[in-house]
Amino acid sequence: MNFTITTLLVAFFLFAGSIKLTGWQKTIFAKQLEFFLSYGLNRSVMALVGLVECVSALALVSGYIQAAALGAVSLCLTSLGAIAFHLRFDTWTNAIPALVTAGLSAILCIDAWPTLAAML
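What counts, and at which threshold
- Residues numbered from 1 in each chain as written.
- Predicted model: local features only at pLDDT ≥ 70, side-chain atom pairs only at ≥ 80, totals over all residues.
- Heavy atoms only, no water.
- Axes fitted to C-alpha atoms, helices over the stretch in contact; angles between N-to-C directions.
- Helix = DSSP H or I, 4+ residues; strand = E, 2+ residues; numbered from the N terminus.
- Left-handed = near helix turned anticlockwise from the far one by under 90°.
- Contact = heavy atoms within 4.5 Å.
- Nonpolar A, V, L, I, M, F, W, Y, C, P; charged D, E, K, R; others polar.
- Polar contact = N/O pair within 3.5 Å; in protein donor to acceptor, adjacent residues only side chain to side chain.
- Expected span 1.5 Å × (residues − 1).
- Buried < 20%, exposed > 50% of the residue type's maximum accessible area, 1.4 Å probe, protein only.
- Arc of directions from axis to C-beta.
- Patch = residues over 30% accessible without salt bridge, like charges linked within 9 Å, V, L, I, M, F, W, Y side chains within 5 Å.
- Areas by Shrake-Rupley, 256 points an atom, 1.4 Å probe, with all protein chains shown as cover.
- Salt bridge = Lys/Arg side-chain N within 4 Å of Asp/Glu carboxyl O.

Let's talk about the packing of helix H3 (residues 43-60) against helix H4 (residues 65-89)
- Close contact between H3 and H4 brings their axes to 7 Å; oriented N to C, the two are set at 145°. Read as a crossing pair, H3 and H4 show a hand that is left-handed. Of H4, the residues touching H3 (which contributes Val 49, Val 52, Glu 53, Ser 56, Ala 57, Ala 59 and Leu 60) are Ala 67, Ala 68, Gly 71, Ala 72, Ser 74, Leu 75 and Thr 78.
- Residue composition of the contact of H3 with H4, grouped by class: 9 nonpolar, 4 polar and 1 charged.

Right, dumping it as structure tokens:
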């Protein structure tokens, strides 16, 4: 997989996911929670999304090609979900980070296609 893209996605999703899980960065946590609540989602759903983000990011660097491929798919789907919620409830500018991460994770999915196809 592409090292630069993988590094960017791992850094971004470990940062964002850990905040959703633990709330360690209060300003960002408050803004993320505000988004989730405005979507009709609660704190538990936010923590679940954070867990998915962290586990998927770690899968990218696990050393197992199948885990990395599934992590890329999971991050792409998570980003697509974020785009859908932002476009439905916010403005398109709030979706820009998710648009970027969806594009980058889609590149990893394309790179991992042979591995994903072999798993089917």
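We are not done yet, so read on.
Here's the deal with the side chain of Ser 18
- Of note, Ser 18 is situated in helix H1 (residues 3-22).
- Here Phe 15 takes part through its backbone oxygen, which lies 3.0 Å from a polar atom of the side chain of Ser 18.
- Excluding its chain neighbours within four sequence positions, the residues that come into contact with Ser 18 are Phe 13, Gly 23, Trp 24 and Cys 54.

Some points on helix H5 (residues 96-111)
- Under the 1.5 Å per step criterion, the end-to-end length of H5 is 23 Å for 16 residues, consistent within 8% with the ideal 22 Å.
- What H5 keeps buried is the set Ala 98, Thr 101, Ala 102, Ser 105, Leu 108 and Cys 109. For H5, the buried positions fall inside an angular range of 125° around the axis, keeping them on one side.
- Of the surrounding elements, those touching the buried residues of H5 are H1, H3, H4 and helix H6 (113-119).

Thoughts on the environment of Thr 115
- The residue Thr 115 is located in helix H6 in this model.
- For Thr 115 and Ala 16, which are 99 residues apart along the polypeptide, the C-alpha to C-alpha distance reads 27 Å.
- The residues touching Thr 115, leaving out its near neighbours within four places in the chain, are Ile 65, Gln 66 and Ala 69.

Regarding a nonpolar patch on the surface
- A surface patch of nonpolar side chains, about 400 Å² in accessible area, is lined by Leu 21, Leu 48, Leu 51, Val 52 and Val 55.
- It is H3 that contributes the most residues to the nonpolar patch, 4 residues altogether.
- Mapped onto the elements of the fold, Val 52 is located in helix H3.

Quick notes on the pattern of salt bridges
- This structure, assessed with the given rule, holds 2 salt bridges.
- One salt bridge in this structure joins Glu 53 and Lys 20, with 3.1 Å as the shortest N-O distance. In this pair, Glu 53 sits in helix H3 while Lys 20 sits in helix H1, placing the two residues 33 residues apart along the sequence.
- Looking at Lys 20, the relative accessible area reads 7%, which means it is buried.
- The salt bridge partner of Lys 31 is Glu 34, with a shortest N-O separation of 3.6 Å. Residue Lys 31 and its partner Glu 34 are both found in helix H2 (residues 26-38); the two are separated by 3 residues, about one turn of the helix.
- What makes Lys 31 partly exposed here is its relative accessible area of 41%.

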